[in-house]
Amino acid sequence: IKIYCIGKLKEKYFVDAQNEYLKRLDRFAKVEIVEINDLPIPLNSSSKEEEIVKDKEFELLLQKLDKNSYVIALDLHGKQFDSVKFSEKIDNLMSNSITNISFIIGGSLGWSSKMNEVAKEKLKLSEMTFTHQMTRVILLEQIYRSFKILRNETYHKCRSLCGIRSFW
């Protein structure tokens, strides 16, 4: 599994979280992070200028993207899964001999429309919007959770309705 990311993690707490999940995932799969430099966004940029930045970031991604992988783009308009369905998705891909899965995370402006040329699927993590740094950590956690689910191992099971105990 490769996770291609536009932009680098700058905050130590995100780097620490990423490293923790990569360490945990090591016993299940080889997971690699590939960072692509994000480009500067002109101050008070127009939509046309933003599209140019997104297109250039996409071109940088294409230079590094493994062409033989099954590409899943994280996108606000993608399909949303719960954790169990996401684990089933990963299991189905692996069961169909897809051994090289690439997740791609866009930069702060989102994706170029050209992303549709390479993505086999689009994945939406939530109705909420997250920074691309946070998205990386959430995705890693969900991949880890998927392997735990697939191996029927305990990992933060919900013990009450919606995981919240009512005290009133």
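So, here is what we can say about the structure in this document.

Reading guide: rules and limits
- Residues numbered from 1 in each chain as written.
- Predicted model: local features only at pLDDT ≥ 70, side-chain atom pairs only at ≥ 80, totals over all residues.
- Heavy atoms only, no water.
- Helix = DSSP H or I, 4+ residues; strand = E, 2+ residues; numbered from the N terminus.
- Buried < 20%, exposed > 50% of the residue type's maximum accessible area, 1.4 Å probe, protein only.
- Contact = heavy atoms within 4.5 Å.
- Expected span 1.5 Å × (residues − 1).
- Arc of directions from axis to C-beta.
- Polar contact = N/O pair within 3.5 Å; in protein donor to acceptor, adjacent residues only side chain to side chain.
- Pairing = 2+ DSSP bridges.
- Axes fitted to C-alpha atoms, helices over the stretch in contact; angles between N-to-C directions.
- Right-handed = clockwise from strand over helix to strand, strands pointing away.
- Core = buried A, V, L, I, M, F, W, Y, C linked by side-chain atoms within 4.5 Å.

### Topic: the side chain of Gln 133
Of note, Gln 133 is situated in helix H4 (residues 132-150). Classification of Gln 133 as buried rests on a relative accessible area of 13%. Residues contacting Gln 133, with those up to four places away along its chain left out, are Lys 8, Leu 9, Glu 11 and Phe 14.

### Concerning helix H3 (residues 83-95)
For H3, which comprises 13 residues, the first-to-last C-alpha distance of 18 Å matches the rise-based estimate of 18 Å (1.5 Å per residue) to within 8%. Buried within H3 we find Phe 86, Ser 87, Ile 90 and Leu 93. Taken around the axis of H3, the buried residues stretch over an arc of 120°, which confines them to a single face. Elements in contact with the buried residues of H3: strand E3 (70-80), strand E4 (101-105), strand E5 (121-124) and H4. Looking at where H3 begins, the residue whose side-chain oxygen comes 3.2 Å from the main-chain nitrogen of Val 84 is Asp 82.

### Considering the sheet that holds E4
Ordered in space as E2-E1-E4-E3-E5, the 5 strands form an open sheet in which the pairing is parallel. A strand with exactly one partner marks an edge of an open sheet, and here the two such strands are strand E2 (32-36) and E5. Taking the axes of each pair of neighbouring strands and ignoring which way they run, one obtains an average angle of 35° across the sheet. In the packing of H4 onto the sheet, contacts are made with strand E1 (2-6), E2, E3, E4 and E5, and the angle to E4 comes to roughly 155°.

### Quick look at the pairing of E2
Bridge count for E1 against E2 is 5 bridges, and the pairing is parallel. Across the sheet, Lys 2 pairs through a bridge with Glu 32, a residue of E2. For the crossover that starts at E1, traverses helix H1 (residues 12-25) and ends in the parallel E2, the hand is right-handed.

### Digging into the pairing of E4
The two faces of the sheet receive side chains in turn, since in a regular strand these alternate between them. Counting buried positions along E4 yields 5 of 5 residues, so the element is predominantly enclosed. With burial as the criterion, each face of E4 is covered, one bearing Ile 101, Phe 103 and Ile 105 and the other bearing Ser 102 and Ile 104. Alignment of E1 against E4, held across 4 bridges, turns out to be parallel. If you follow Lys 2 over to E4, its bridge partner there is Ser 102. In this sheet, E4 lies alongside E3 in parallel orientation, the contact comprising 4 bridges.

### Looking at the environment of His 132
Examined against the element boundaries, His 132 turns out to sit in helix H4. We classify His 132 as buried; its relative accessible area is 16%. Each C-alpha atom, one on His 132 and one on Tyr 13, is 14 Å from the other, the two residues being 119 residues apart in sequence. Not counting residues within four places of it along the chain, the set of residues in contact with His 132 comprises Ile 6, Gly 7, Ile 105, Gly 106, Gly 107 and Ser 108.

### Examining the nonpolar core
Within the largest apolar cluster, 28 residues are counted, with the highest numbers of intra-cluster contacts made by Ile 1, Ile 3, Phe 103, Leu 139, Ile 143 and Phe 147. Considering each element in turn, this core owes the most residues, 6 residues, to H4. Membership of the second largest hydrophobic core comes to 13 residues, among which are Leu 65, Ala 73, Trp 111 and Ala 119.

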